[in-house]
Amino acid sequence: MRLILVGFGTVGRGAAECLIAATPEFVRRGLEARVVAVVDPVVGSVARPAGLDLERLLRMADDGEPLDRHPDAESVDDPGALFDADVADVLVELTPTNLTTGEPGLGHVRAALAAGLHVATTNKGPIALAYPELEGMARAAGVALRFEGTVMSGTPVLSLCEQGLSGAGLRGVRGVLNGTCNFMLSRMEEGAGYDDALEEAQRHGYAEADPSGDVDGWDAAAKALILANCVLGADLRLDDVERRGIGDITAEAVRAALDAGETWRLVARVERGDNGWRAAVRPEMVPRSSPLGALTGPGNMLVFETDALGEVVISGPGAGRRATGHAVLADLLAIAGHGAG
Ligand code: HSE
């Protein structure tokens, strides 16, 4: 598989680390994943058809050295020219999420699918805003559109739904979908202030480039929307998701909940109402002894209600460099099974 990595920030570098670590797994499966271009507006853009040295690029990016100093490589003046089936097989789109326009990710994904490239992305914007269009383009081109990392980072929620829960009769889902908010609420329970907790979440790489996307509930709303539309077959828009963030949860509210044996969690729900599917994200007090109450730090959890199995619970990391990088790796292995590589 010839890969183009677009976005070489926290997630891009996490994906590169996972790709390096997974080299023996690729070899074991008789596959080769070769990164032929890395495109990033901050650290630089570079291409090398024979494959770039990812360890070297990671060192260069961490040291602030422009990537186009990679030996034997060309700098990239027109990234759009890379979206070509003669150049690459897969676009790995890892630019920051924009839930208003979807850009720049949406343009990248459209261009790649139009050129017949498979796409693996962790970017919630294009999937939340334009899934039906993109899915139609992928189907028409006979390529894969994978986006495991958009919900619960590397915790395999979407593949669980696609495979194990297929045909189980999904009736709804609820849970915690934002690692930053869960981390902040956990730290506030330990006595940290709101601003310090947010700053810590940013330092760990959990928060979005613009963290208001986390604390105002937009990130969880986008993930609930992706579950609603891509898994449950709803046809909702982001504005349809009822949304409240954690900005109003004061230190006093956190203490009062603890005194009552409860804890605040930012809970996302997708359920069937009288007029079809509805989705909501809001802070809820839950018993500390409940599965959601016991979920601390950047952890995420979803409880699926199914006809065949009753409740099915999945829990794991919801954010972070390596956790999100793993989602890219899992998507690439799935794409290899789809015929690339
Ligand atoms: N900012 C997100 C979170 C990252 O905190 O959950 C993963 O989507």
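Check the entry above for the structure.
What comes next is a walk through the structure. From a predicted model like this one, the values you see are computed outputs, not experimental measurements.

Interaxial distance between helix α1 (residues 10–21) and helix α3 (residues 54–63) falls to 10 Å at its minimum, and their mutual angle equals 150°. Taken together, α1 and α3 sit at an angle that is classed as roughly antiparallel. The chirality of how α1 crosses α3 is left-handed. Contacts between α1 and α3 pair Arg13, Ala16, Glu17, Leu19 and Ile20 from the former with Leu54, Glu55, Leu58, Ala61 and Asp62 from the latter. Broken down by class, the residue content of the contact of α1 with α3 amounts to 6 nonpolar, no polar and 4 charged.

If you trace the 6 strands from one edge of the open sheet to the other, you get β9-β11-β10-β8-β12-β13, paired in mixed fashion. Because the sheet does not close on itself, it has two edges, and the strands there are β9 (242–243) and β13 (310–317). Across 8 bridges, the pairing between strand β12 (residues 299–306) and β13 is antiparallel. When the sheet's bridge partners are listed, Asn300 is paired in β13 with Gly316. Where helix α10 (residues 218–231) meets the sheet, it contacts β8 (170–176), β9, β10 (262–273), β11 (276–287) and β12, and its direction lies at approximately 30° from that of β10. Lying on the sheet, helix α11 (residues 251–259) is in contact with β10 and β11; it crosses β10 at an angle near 90°.

Within the secondary structure layout, Gly293 lies in the loop between β11 and β12. Look at Gly293 and you get buried, because its relative accessible area is 6%. Separated by 89 residues in sequence, Gly293 and His204 have C-alpha atoms that sit 22 Å apart. Excluding its chain neighbours within four sequence positions, the residues that come into contact with Gly293 are Thr263, Arg265, Val286, Pro287 and Arg288.

Attention shifts here to the pairing of strand β6 (residues 118–121). Alternating residues of β6 divide into His118 and Ala120 and Val119 and Thr121, and every residue in both groups is buried. With 4 bridges connecting them, strand β5 (residues 90–93) and β6 associate as parallel partners. In the sheet register, Val92 faces β6, and the bridge partner there is Ala120. Each parallel crossover has a hand, and the one from β5 via helix α4 (residues 105–114) to β6 is right-handed. Examined bridge by bridge, β6 and strand β7 (residues 145–146) share 2 bridges and lie parallel to one another. Pairing of Ala120 across the sheet is with Arg146, part of β7. Once you follow β6 into helix α5 (residues 124–141) and on to β7, the crossover reads as right-handed.

Let us look at helix α8 (residues 194–203). Within the sequence span of α8, burial applies to Ala197, Leu198, Glu200 and Ala201. Axial view of α8: buried residues confined to an arc of 160°, hence all on one face. Turned more than 90 degrees away from the buried face of α8, the exposed residues are Asp195, Asp196 and Arg203. In this structure, the buried side of α8 is in contact with α7 (179–189) and α9 (212–215). Where α8 ends, the next residue or the one after it, Gly205, has phi of about 80°, a positive value.

Okay, the pattern of salt bridges next. For the structure on display, the rule yields 28 salt bridges. We note a salt bridge from Glu32 to Arg34, for which the minimum N-O separation is 3.6 Å. A relative accessible area of 48% means that Glu32 is categorised as partly exposed. On the basis of relative accessibility, which here comes to 25%, the residue Arg34 falls in the partly exposed class.

The next thing to look at is the site of the ligand. The immediate surroundings of the ligand are formed by Lys124, Asn178, Gly179, Thr180, Tyr206, Ala207, Glu208, Asp214, Asp219, Lys223, Gly318 and Ala319. A distance of 2.8 Å separates an oxygen atom of the ligand from a polar side-chain atom of Lys124. The separation between an oxygen atom of the ligand and a polar main-chain atom of Gly179 is 2.8 Å. Calculation on the ligand without its partners gives an accessible area of 260 Å², and the protein chains cover 92% of this total.

Right, let's talk about the nonpolar core for a bit. Ile4, Val157, Leu302 and Phe304 are the most contacted members of the largest nonpolar core, which has 76 residues in total. Sorting elements by how many residues they give to this core places α10 first, with 9 residues. The residues touching Val157, leaving out its near neighbours within four places in the chain, are Glu148, Val151, Met152, Leu227, Leu302, Phe304 and Ile314. One finds Leu5, Leu31, Met60 and Leu67 within the second-largest nonpolar core, a separate group that totals 33 residues.

A separate point is the packing of aromatic side chains. Applying the stated criterion across every chain yields a total of 2 aromatic pairs. On the numbers, 5.3 Å between centres and 65° between planes, the contact of Phe183 with Tyr206 is edge-to-face. Of this pair, Phe183 sits in helix α7 while Tyr206 is found in the loop between α8 and α9, placing the two residues 23 residues apart along the sequence.

Rules behind the numbers
- Residues numbered from 1 in each chain as written.
- Predicted model: local features only at pLDDT ≥ 70, side-chain atom pairs only at ≥ 80, totals over all residues.
- Heavy atoms only, no water.
- Axes fitted to C-alpha atoms, helices over the stretch in contact; angles between N-to-C directions.
- Helix = DSSP H or I, 4+ residues; strand = E, 2+ residues; numbered from the N terminus.
- Parallel < 35°, antiparallel > 145°, perpendicular 65-115°, else oblique.
- Left-handed = near helix turned anticlockwise from the far one by under 90°.
- Contact = heavy atoms within 4.5 Å.
- Nonpolar A, V, L, I, M, F, W, Y, C, P; charged D, E, K, R; others polar.
- Pairing = 2+ DSSP bridges.
- Buried < 20%, exposed > 50% of the residue type's maximum accessible area, 1.4 Å probe, protein only.
- Right-handed = clockwise from strand over helix to strand, strands pointing away.
- Arc of directions from axis to C-beta.
- Salt bridge = Lys/Arg side-chain N within 4 Å of Asp/Glu carboxyl O.
- Near = heavy atom within 4 Å.
- Polar contact = N/O pair within 3.5 Å; in protein donor to acceptor, adjacent residues only side chain to side chain.
- Areas by Shrake-Rupley, 256 points an atom, 1.4 Å probe, with all protein chains shown as cover.
- Core = buried A, V, L, I, M, F, W, Y, C linked by side-chain atoms within 4.5 Å.
- Phe/Tyr/Trp six-rings, centres within 6.5 Å; stacked < 30°, edge-to-face > 60°.

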